[in-house]
Amino acid sequence: MSGSGYRWMTGGTDAPSWMRGRALPGYMMGSTGDAGKVMGALFADAPGARVSPALAARLGAQVPAGATASRARNRISFPGTSVRLVVLASPSGGPAETFRIAGLVDPAIVVKAHAHVSIEVINADPGTAHGLVITATSARPSWMPMLTARPAFPGSAAWFLGNPTSAGMHAATLGFTVGSPGTYRYLCPVPGHAQKGMTGTFTVSA
Ligand SMILES: [Cu+2]
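Now for a quick tour of the structure. Source: prediction; values computed, not measured.

Procedures and definitions
Going along each chain's sequence as written, the residues are numbered from 1 onward. In keeping with the model being predicted, local features are shown solely for residues with a pLDDT of at least 70 and side-chain atom pairs are shown and tallied solely at 80 or more, while totals for entire chains, interfaces and linings include all residues. Processing note: side-chain calculations cover all non-hydrogen atoms of the structure and skip hydrogens and water entirely. Definition used for salt bridges: Asp or Glu carboxyl oxygen within 4 Å of a side-chain nitrogen of Lys or Arg. Burial classes follow relative accessibility: with a 1.4 Å probe on protein chains only, a residue under 20% of its type's maximum area counts as buried, one over 50% as exposed, and anything between as partly exposed. Only N, O and S atoms count as donors, using a 2.8 Å limit from the metal and a wider 3.2 Å limit for Na, K and Ca, and since water is excluded some coordination spheres may look unfilled. Every geometry call rests on angle ranges, with four donors termed tetrahedral when all angles are between 85 and 135 degrees, four termed square planar and six termed octahedral when opposite donors are over 155 degrees apart and all others are between 65 and 115, and everything else termed irregular.

Digging into the pattern of salt bridges
Pairing is possible between side chains of opposite charge, provided their charged atoms come close.
Inference 1: For the structure on display, the rule yields 1 salt bridge.
Inference 2: Note that Asp34 and Lys37 form a salt bridge whose closest N and O atoms lie 3.4 Å from each other.
Inference 3: The exposure class of Asp34 is buried, given its relative accessible area of 18%.
Inference 4: Given the relative accessible area of 39%, Lys37 is considered partly exposed.

Digging into the coordination of the copper ion
Inference 1: All of the protein donors around the copper ion are His130 (ND1), Cys188 (SG), His193 (ND1) and Met198 (SD); their distances to the metal are 2.0 to 2.7 Å.
Inference 2: Each of the 4 donor atoms around the copper ion contributes to a set of angles spanning 85 to 134°, which defines the coordination as tetrahedral.
Inference 3: In primary sequence terms, the donor set of the copper ion follows H-x57-C-x4-H-x4-M. When sorted by exposure, Cys188 lands in the same class as His193, which is buried.

Structure follows, in structure tokens:
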């Protein structure tokens, strides 16, 4: 680890401003035990890509080019080896603590073996951090997946995106190449969120 990285973690004065100067919202006073709310506020001013709420809503409802979305099966399938999709974390107008993909709630995602996958994750929740990890196991997630979830493929994780601000909603893009056929799981790594519903299957088909 670099020296400057270490000083950031220990609160050095050369830490970027978004990491400094904020009171921990409620957590230290015991008014909230929700780690996601604390992380969401702490990372609200973090650098990185932003999208407007209007664009996020449009992207979250859109079926990506080349994909087939089945509402009846709650599934989105990609027949080709180039996969691009957008995932909204907990947007308004639907069940809380879920992902929205092509207008579907936590759909099964099916891609071809060896496909190149690009996933844009947008935190559309005003009050809580969210993230997205494709994990190596298809088992039901634990309360604290951040401690146990191993990304299934190199690059298949965006751990924590902060709360939206007037600058827009935080967005991160995961890029990875899937391997052989198998069944995996996508989930939000913030404690409790996957168990509340922020999860679905990610299948690599032959
Ligand atoms: Cu979450």
